[in-house]
Amino acid sequence: MSKRDYYEILGVSRTVTDVELKSSFRKLAMQHHPDRNPGDKQAEIKFKEINEAYQVLSDGQKRAAYDRFGHQAFENGGGGGGQADFSDFMSDIFDSFFGDARRGGPRNANGRERGADLRYNLEIGLEEAFTGKNASIRVPTSVSCEACSGTGAKPGSKSRQCPTCGGHGRVRANQGFFSVERTCPTCNGRGEVIDDPCKNCQGTGRVTRERTLSVNIPAGVEDGTRIRLAGEGEAGLRGGPAGDLYIFLSLKPHPIFQRDGADLFCRVPIGLVSAALGGEIEVPTLSGEQARVKIPEGTQTGKQFRLKGKGMSVLRSREVGDLYIQVVVETPQKLTARQRELLEEFERESSQNTHPETAGFFGRVKDFLGGLGGTA
Ligand SMILES: [Zn+2]
Ligand SMILES: [Zn+2]
């Protein structure tokens, strides 16, 4: 089978610059990468072709040889191993191009890894959100091993530079004309080897602990407020930095108060007689003290009274919201004979003026029904 021209494979001219070549390779490699085309044999072949072409054309010497002799330039030079382990070879090239982002964790050449961020859900009461508080929480997390100071090597012993890769974490191997780089199999990319692993952490450099942390919850926090504790997440691997801990706050529903931002709402039942005659009632506030509210004569259900500055504290502010008291007039139940008698007497004394709302409503009903009768 005759081989396709390398320039043609990469879709570039023979005068292509390195930059254009690289950009064209990236585009094609992305498009035909096996990860993107699972099970597609054609894509795999294409991907191999693209890689092979790029390996040659991106190397000045090989490109010059190819320009002079074409594919023949490479036919005798290989030492035969060109096809071995091709998939690994491809992914190594791919990684060297697109970085370690595909692998997940942020990792540097020494195998250091930043610890994971942790999430902790904390439920607090409305009163605590009002005043703010210092909460003590227990967080299970992995911390740097004290026995070995996180190195993973047995105390007194040291890790030493990996003899295979000389501390680089990656090794190069020649496959024909191709120089292939891969993660060092001896140290798994760490660059160092531990002869005597720490018994406390089995050489990982970290152990699981439950830590007690103090969290300062500021006044005025809301449901869903997130507090970040920098560096309090999971310990990093092999001396890498720790992750962060995020506290997610949720507020327990309160039995008396409902919150709407800075304002609080409270429904307060009042007796029929208080509502009719007026008076003063005592209402609770979130700070725990009682406040007094004047109820005027003839107060109806649903009437709202505002207590300025008795509401919720506002996050990072000295402001305080308002408390709204909504009264609900309670109809008396389980009357004694005497009470019934009094109410009946009260009723006989009543006129349209006693219940203007009722009189108005039934007046409108009468008009409505009368109107219907007229048109029928
Ligand atoms: Zn240890
Ligand atoms: Zn190594």
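All of the points below concern the structure found in this document. Everything numeric here is computed off the predicted structure, so don't read it as measured data. (Residues numbered from 1 in each chain as written. Chains lettered and ligands numbered in written order. Predicted model: local features only at pLDDT ≥ 70, side-chain atom pairs only at ≥ 80, totals over all residues. Heavy atoms only, no water.)

1. Some thoughts on the overall build of the protein chain
Operational definition: Working definition: helices are DSSP H or I runs of at least four residues, strands are E runs of at least two. Numbering for both runs from the N terminus. Each residue is placed in one exposure class: buried if its accessible area under a 1.4 Å probe, protein chains only, is under 20% of its type's maximum, exposed if it is over 50%, and partly exposed if it falls in between. Between two residues, a contact is recorded if the distance between any of their heavy atoms is within 4.5 Å. Only the protein chains shown count as cover for residues, and all accessible areas are computed by the Shrake-Rupley method using a 1.4 Å probe.
A count of helices and strands for the protein chain gives 10 helices and 15 strands. When the 376 residues of the protein chain are sorted by exposure, 33% land in the buried category. When contacts within the protein chain are restricted to residue pairs at least 6 apart in sequence, those whose partners lie at least 24 apart make up 63%. Element-wise, carbon and sulfur atoms account for 49% of the exposed surface of the protein chain, whose accessible area totals about 23,400 Å².

2. A short note on the nonpolar core
What counts, and what does not: Definition of nonpolar core: a set of buried residues of the types Ala, Val, Leu, Ile, Met, Phe, Trp, Tyr and Cys, connected through side-chain atoms within 4.5 Å.
Ranked by size, the top nonpolar core spans 37 residues in total, and within it I217, I247 and I325 carry the most contacts. Residues contacting I325, with those up to four places away along its chain left out, are C266, V268, V283, V293, K303, Q304, F305 and L307. Ranked by size, the runner-up nonpolar core spans 19 residues in total, among them L10, A29, F47 and L57.

3. Description of the side chain of T299
Tracing the chain through its elements places T299 in the loop between β13 (290-295) and β14 (304-307). Setting aside anything within four residues of it in sequence, one finds T299 in contact with I270, A275, F305, V327 and V329.

4. Focus on the coordination of the zinc ion (ligand 1)
Let me state the cut-off plainly: Sites may look incomplete because water is not among the atoms; the donors themselves are N, O and S atoms within 2.8 Å of the metal, or within 3.2 Å for Na, K and Ca. Four donors are marked tetrahedral only if all angles between them lie between 85 and 135 degrees, whereas four are marked square planar and six octahedral if opposite donors are more than 155 degrees apart and the other angles lie between 65 and 115; the remainder are marked irregular.
Distances from the zinc ion (ligand 1) to its protein donors, namely C145 (SG), C148 (SG), C198 (SG) and C201 (SG), fall within the range 2.3 Å. For the zinc ion (ligand 1), the 4 donor atoms are set out with angles of 104 to 115° between them, so the coordination reads as tetrahedral. One chain supplies every donor for the zinc ion (ligand 1), spaced along it as C-x2-C-x49-C-x2-C. Separated by 50 residues along the polypeptide, C148 in the loop between β2 (133-144) and β3 (160-161) and C198 in the loop between β6 (192-193) and β7 (206-217) bring together distant segments of the chain. Pair check on accessibility: C148 and C198 agree, each one buried.

5. Some remarks on a nonpolar patch on the surface
Let me state the cut-off plainly: Patches were defined on residues exceeding 30% relative accessible area and lacking a salt bridge, with like-charge contacts within 9 Å and nonpolar side-chain contacts (Val, Leu, Ile, Met, Phe, Trp, Tyr) within 5 Å. Any carboxyl oxygen of Asp or Glu within 4 Å of a side-chain nitrogen of Lys or Arg constitutes a salt bridge here.
A contiguous nonpolar patch, built from L272, V273 and L277 and spanning about 290 Å² of accessible area, is present on the exposed surface. By the secondary structure assignment, V273 is in helix α8 (residues 272-277). Of the residues examined, V273 reaches a relative accessible area of 56% and is grouped as exposed.

6. Details of the sheet that holds strand β9 (residues 245-251)
By way of backbone hydrogen bonds, the strands of a sheet pair with one another, either parallel or antiparallel. So the rule is basically this: When DSSP finds at least two bridges between two strands, those strands are taken to pair. To get an axis, a line is fitted to the C-alpha atoms, and for a helix only the part in contact is used. The angle between two axes follows their N-to-C directions and goes from 0 to 180 degrees.
One open sheet holds the 3 strands; their spatial order is β1-β9-β8, and the pairing between them is mixed. Each edge of the open sheet is held by one strand with a lone partner, namely β1 (118-124) and β8 (226-229). Ignoring which end each strand starts from, the neighbouring axes of this sheet average 25° apart. As defined by bridge partners, β8 adjoins β9 across 4 bridges and the pair is classed as antiparallel. When the sheet's bridge partners are listed, L229 is paired in β9 with L245.

7. Examining the coordination of the zinc ion (ligand 2)
Geometrically, a metal with four donors at the corners of a regular tetrahedron has ideal angles of 109.5 degrees, and one with six donors at the corners of a regular octahedron has ideal angles of 90 or 180 degrees. Bound to the zinc ion (ligand 2) are the protein donor atoms C162 (SG), C165 (SG), C184 (SG) and C187 (SG), situated 2.2 to 2.3 Å from the metal. Coordination geometry of the zinc ion (ligand 2): the 4 donor atoms subtend angles of 102 to 116° at the metal centre, consistent with an arrangement described as tetrahedral. Each donor residue of the zinc ion (ligand 2) belongs to the same chain, and together they define the spacing C-x2-C-x18-C-x2-C. Accessibility assignment for this pair places C184 and C187 in one class, buried.

8. Considering the sheet that holds strand β15 (residues 323-330)
With respect to topology, 4 strands assemble into an open sheet ordered β10-β11-β15-β14, the strand pairing being mixed. The strands lining the two open edges of the sheet, one partner per strand, are β10 (258-260) and β14. Each adjacent strand pair in this sheet contributes to an overall mean axis angle of 30°, direction not counted. Summarising the sheet, strand β11 (residues 263-271) and β15 pair through 8 bridges and their orientation is parallel. Looking across to β15, one finds that G271 is bridged to E330.

9. Quick word on helix α2 (residues 18-32)
Stated precisely, the cut-off is as follows: Residue count minus one, scaled by 1.5 Å, sets the expected span of a helix. To be clear, the arc concerns the directions from the helix axis to the C-beta atoms.
Look at α2: 21 Å from first C-alpha to last across 15 residues, which is about the 21 Å you get at 1.5 Å a residue. Every buried residue of α2 is accounted for by L21, S24, F25, L28, A29 and H32. Taken down its axis, α2 places every buried residue within 130° of arc, on the same side. In α2, the exposed residues that point more than 90 degrees away from the buried face are V19 and K27.

10. A word on the packing of aromatic side chains
Inclusion rule: Centres within 6.5 Å make a pair out of two Phe, Tyr or Trp rings, where for Trp the six-membered ring is used; the pair is then stacked when the planes are under 30 degrees apart, edge-to-face when over 60, and tilted otherwise. As a reminder, the over-ring test applies to NZ of lysine and CZ of arginine, requiring each to be within 6 Å of the ring centre and within 35 degrees of the ring normal.
Under the definition given, this model contains 3 aromatic pairs. Here F265 and Y324 contribute two aromatic rings whose centre-to-centre distance is 5.1 Å and whose plane-to-plane angle is 15°, an arrangement assigned as stacked. Of this pair, F265 sits in strand β11 while Y324 sits in strand β15, placing them 59 residues apart in sequence. Classification of F265 by relative accessible area gives partly exposed; the value is 27%. Looking at Y324, the relative accessible area reads 18%, which means it is buried. Between the aromatic rings of F361 and F362, the centroid separation amounts to 5.2 Å while the plane-to-plane angle is 75°, which identifies the pairing as edge-to-face. Overall, the relative accessible area of 51% leaves F362 in the exposed class. Across from the ring centre of F248, 3.6 Å away, lies the NZ or CZ of R119, which sits over that ring.

11. Looking at the packing of α2 against helix α3 (residues 41-57)
Applicable threshold: To sort the angles, those under 35 degrees are grouped as roughly parallel, those over 145 as roughly antiparallel, those from 65 to 115 as roughly perpendicular, and the leftovers as oblique. Handedness of a crossing follows from how the near helix is turned relative to the far one, being left-handed for an anticlockwise turn of less than a right angle and right-handed for a clockwise one. Under the scheme applied here, ten amino acids are nonpolar (Ala, Val, Leu, Ile, Met, Phe, Trp, Tyr, Cys and Pro), four are charged (Asp, Glu, Lys and Arg), and all others, including Gly, are polar.
Contact geometry for α2 and α3: axes closest at 9 Å, N-to-C directions at 160°. The orientation of α2 with respect to α3, classified from their angle, is roughly antiparallel. As for the relative orientation of α2 and α3, their crossing is left-handed in sense. On the side of α2, the interface is formed by L21, K22, F25, L28, A29 and H32, while α3 contributes A43, K46, F47, I50, N51, Y54 and L57. Considering only residue class, the contact of α2 with α3 consists of 9 nonpolar, 2 polar and 2 charged.

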